[in-house]
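Tertiary structure, described
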Amino acid sequence: MIASFLLAVSLCPAWASGPAPLSDAQFSSAFKAVLQETKVSAMSLAAAIDHDDLLDLLKDRDPAVRKEALRTARFQQGINSDVRERVFAMAGDTSEDTGVRREAVRTMFWATNFNETRDKLLDLARRDRSLPVRAMAYKALYQSAFTFSEIRDAVRDAAQDEREPTVRAAAIWALFDCTGNSEILDTLMDIAKSYREDAAMRAEAVKSLFLAMNRSQVKDLVLGLAKDRGLDQDLRVPAVYALYGARNQWEVQDALKDMSRESDPDIRVAAIKALGNDDLFMRAYFHIGTHVNGHVYVSPIENE
């Protein structure tokens, strides 16, 4: 299927050679560069569906058809303004099926090189009446948050102050690629270590810190959370998994070996995985994308 092929948005930039800790800057730069190259080839494939036919499919009576048409529209919207406008309209239509609206918002991710797309996504994220739509809009801004300071600041504000838990968690998710920025790093660390925060929100911050596990302050924080037997399992388990990003350090290895012998089966499983080499699992768990056929990178937005 064309839609399945269009999942591929980058060639393998990191983790290809072994278990070295990830550098967020290296991972992100390679991802952004190859994404642009892959967009060009994917556009020609998407063009296999006639432009007028696609517009008709986007208006089909069946929501499932409209959703599939949106997946095909991902790259056509970058070269056809009327397709892009139709996707925008579907994303903002409060009478539209929620699942279709979420797919329209996800589709907009592939056109965030346009100012109007970023503005529309940010408006949906801040003001839409549907929580699932707002959450997807923040996630669709993750790459823009890496590139544009005004988007990064807006997402950071939501990660700190948003009242709706689902939407706030999505904003925290969207910062995973921005840990090279000191303010974002501090924000995520503050959330992860705060006992005033809900365990689920702290866990989301731990996941978004994964690409910064090569920083000593992040490693120390996450190691402390992983070793704390008094913590909620919803927080401790992600912290144990996150130690995968620093497992080449002896103190982390020793801690993981100790945890692999604990009585709690969830902690033991997490520790064993963190000592292993299951890159595919870790990429999926920490929403940084996965690989297909060993070389094709799939954006994490696909699984949200």
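Before reading on, note that the structure itself is shown above.
What comes next concerns the included structure. (Residues numbered from 1 in each chain as written. Predicted model: local features only at pLDDT ≥ 70, side-chain atom pairs only at ≥ 80, totals over all residues. Heavy atoms only, no water.)

**Some thoughts on the overall build of the protein chain**
From N to C terminus, the protein chain includes 18 helices and three strands. When burial is assessed residue by residue, the protein chain has 53% of its 304 residues classed as buried. Considering only residue pairs separated by 6 or more positions, the protein chain has 64% of its internal contacts joining residues 24 or more positions apart. By element, 47% of the accessible surface of the protein chain is carried by carbon and sulfur atoms, the whole surface being about 13,200 Å². (Helix = DSSP H or I, 4+ residues; strand = E, 2+ residues; numbered from the N terminus. Buried < 20%, exposed > 50% of the residue type's maximum accessible area, 1.4 Å probe, protein only. Contact = heavy atoms within 4.5 Å. Areas by Shrake-Rupley, 256 points an atom, 1.4 Å probe, with all protein chains shown as cover.)

**Notes on the packing of helix 6 (residues 98–108) against helix 8 (residues 131–139)**
As a packed pair, helix 6 and helix 8 sit with axes 9 Å apart at the nearest point and diverge in direction by 15 degrees. Classified by the angle their axes make, helix 6 and helix 8 are roughly parallel. Two packed elements cross with a definite hand, and for helix 6 against helix 8 that hand is right-handed. Residue-level inspection shows Thr98, Arg101, Arg102, Val105 and Arg106 of helix 6 in contact with helix 8, the latter providing Pro132, Val133, Met136 and Ala137. Across the contact of helix 6 with helix 8, the residue classes break down as five nonpolar, one polar and three charged. (Axes fitted to C-alpha atoms, helices over the stretch in contact; angles between N-to-C directions. Parallel < 35°, antiparallel > 145°, perpendicular 65-115°, else oblique. Left-handed = near helix turned anticlockwise from the far one by under 90°. Nonpolar A, V, L, I, M, F, W, Y, C, P; charged D, E, K, R; others polar.)

**Considerations on the packing of aromatic side chains**
In total, this model carries eleven aromatic pairs according to the counting rule given. Judged by centre distance (6.2 Å) and plane angle (70 degrees), the ring pair of Phe75 and Trp110 falls under edge-to-face. Taken together, the residues span a long stretch of sequence, with Phe75 in helix 4 (residues 63–76) and Trp110 in the loop between helix 6 and helix 7 (115–127) at a distance of 35 residues. The same class applies to Phe75 as to Trp110, namely buried. Plain terms: the ring middles of Phe281 and Tyr285 are 5.7 Å apart, the flat faces sit at 20 degrees to each other, and that makes the pair stacked. (Phe/Tyr/Trp six-rings, centres within 6.5 Å; stacked < 30°, edge-to-face > 60°.)

**A closer look at the side chain of Thr187**
Mapped onto the secondary structure, Thr187 falls in helix 12 (residues 182–193). Take Thr187: its relative accessible area is 4%, and that puts it in the buried class. In contact with Thr187, not counting residues within four places along its chain, are Arg156 and Gln160.

**Overview of unusual backbone geometry**
Note: most residues except glycine have negative phi, and most peptide bonds are trans. Phi at His287 is positive, roughly 40 degrees, even though this residue is not glycine. In this fold, His287 is placed in the loop between helix 18 (279–285) and strand 2 (290–292). Looking at His287, the relative accessible area reads 6%, which means it is buried.

**Considerations on the side chain of Gln77**
Note that Gln77 resides in the loop between helix 4 and helix 5 (81–92). Here Arg74 takes part through its backbone oxygen, which lies 3.0 Å from a polar atom of the side chain of Gln77. (Polar contact = N/O pair within 3.5 Å; in protein donor to acceptor, adjacent residues only side chain to side chain.)

**Let's talk about the packing of helix 6 against helix 7**
Where helix 6 meets helix 7, the closest approach of the two axes is 10 Å, and the angle between their N-to-C directions is 140 degrees. Relative to helix 7, helix 6 is oriented oblique. When you trace helix 6 past helix 7, the crossing you get is left-handed. Counting all contacts with helix 6, which are made through Arg101, Val105 and Met108, the residues of helix 7 involved are Thr117, Lys120, Leu121 and Leu124.

**Quick word on the pattern of salt bridges**
Under the counting rule described, the total for this entry stands at 20 salt bridges. Linking Arg66 and Glu96 is a salt bridge whose minimum nitrogen-to-oxygen distance equals 2.6 Å. Taken together, the positions of Arg66 in helix 4 and Glu96 in the loop between helix 5 and helix 6 put the pair 30 residues apart, joining distant regions of the chain. As far as the burial class goes, Arg66 and Glu96 line up, both buried. Here Arg74 makes a salt bridge to Glu103, at a shortest N to O gap of 3.3 Å. Residue Arg74 is located in helix 4, and its partner Glu103 is located in helix 6; the two are separated by 29 residues in the primary sequence. Through salt bridges with shared partners, a single ionic network connects Glu68, Arg71, Arg74, Glu103, Arg106 and Glu302. (Salt bridge = Lys/Arg side-chain N within 4 Å of Asp/Glu carboxyl O.)

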